[in-house]
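These are the residues of each chain, in order.
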Amino acid sequence: MSDCIFCKIATGKIPSQKVYEDAEILAFRDLIPQAPTHILVIPKAHIASSAAEITAETAPIVGRIFAVIAQLAREQKLESYRIVNNCGEDAGQTVRHLHFHLLGGISLGAMLTGIQE
Ligand code: AMP
Ligand code: ZN
């Protein structure tokens, strides 16, 4: 999508601090980190605007995203971490390109998401 910021990051039109990349998936550091480790993991293609649009056809890449998150967590030496997906405006979603937050490196406690408004 031409006006989607994460599509622009995926194609390199907007720079990002990449931590993982393959043909289908990109992981980069969040611009406004809410924890010492705050990484966003996205499908490069705009396969869904939110988790609500995940289908049986797109589910395999979501599974691969979770495998990438587990690999990143090992690399970042995170024993405990939180995976967050904000689905919809009232849930705090601000970018309408499917993405998962990997948060760690601090005690996340009982906070619901680890993300402060
Ligand atoms: P969400 O609120 O769940 O939609 O998450 C969107 C996230 O994208 C927020 O945590 C933002 O800080 C982050 N973000 C927005 N623009 C950029 C950017 N150019 N580079 C890295 N992270 C970004
Ligand atoms: Zn997009």
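Keep in mind the model is a prediction, meaning the values are calculated, not measured. (Residues numbered from 1 in each chain as written. Chains lettered and ligands numbered in written order. Predicted model: local features only at pLDDT ≥ 70, side-chain atom pairs only at ≥ 80, totals over all residues. Heavy atoms only, no water.)

Engineer: Go over the coordination of the zinc ion (ligand 2), please, and point to the residues and values.
Structural biologist: For the zinc ion (ligand 2), the full set of protein donor atoms is Cys-4 (SG), Cys-7 (SG), His-46 (ND1) and His-97 (ND1), at a range of 2.0 to 2.3 Å. Seen from the zinc ion (ligand 2), its four donor atoms lie at angles of 104 to 117°, and the figure they make is tetrahedral. (Donors = N, O, S within 2.8 Å, 3.2 Å for Na, K, Ca; no water. Tetrahedral: all angles 85-135°; square planar, octahedral: opposite > 155°, others 65-115°.)

Engineer: Account for the site of ligand 1, with residues named and values stated.
Structural biologist: If you check the shell around ligand 1, you find 16 residues, and the closest are Asp-30, Asn-86, Gly-92, Thr-94 and His-101. Within the contact set of ligand 1, a nitrogen atom lies 3.1 Å away from a backbone nitrogen or oxygen of Leu-31. Within the side chain of His-101, one N or O atom sits 2.8 Å away from an oxygen atom of ligand 1. A total of 510 Å² of accessible area belongs to ligand 1 in isolation, and the protein chains cover 85% of it. Of all the secondary-structure elements, those providing two or more residues to the shell around ligand 1 are helix H1 (5-10) and strand S2 (25-29). The element that contributes the greatest number of residues to the shell around ligand 1 is H1, accounting for three residues. In terms of residue class, the shell around ligand 1 is made up of eight nonpolar, six polar and two charged. (Near = heavy atom within 4 Å. Polar contact = N/O pair within 3.5 Å; in protein donor to acceptor, adjacent residues only side chain to side chain. Areas by Shrake-Rupley, 256 points an atom, 1.4 Å probe, with all protein chains shown as cover. Helix = DSSP H or I, 4+ residues; strand = E, 2+ residues; numbered from the N terminus. Nonpolar A, V, L, I, M, F, W, Y, C, P; charged D, E, K, R; others polar.)

Engineer: Any chance you could break down the sheet that holds strand S3 (residues 37-43) for me, citing the residues and the numbers?
Structural biologist: Strand order in the open sheet made by the five strands is S1-S2-S3-S5-S4, with antiparallel pairing throughout. Two strands in the sheet have a free side with no partner beyond their single neighbour: strand S1 (18-21) and strand S4 (81-84). Each strand axis lies, on average, 20° off the axis of its neighbour in the sheet, ignoring direction. Pairing of S2 with S3, which is carried by five bridges, proceeds in the antiparallel orientation. Looking at the pairing, Leu-26 lines up with Ile-42 of S3. Contacts from helix H2 (residues 59-75) reach S1, S2, S3, S4 and strand S5 (100-104) within the one sheet, and its direction differs from that of S3 by about 155°. (Pairing = 2+ DSSP bridges. Axes fitted to C-alpha atoms, helices over the stretch in contact; angles between N-to-C directions. Contact = heavy atoms within 4.5 Å.)

No statement about biological role is implied by the geometric values presented.
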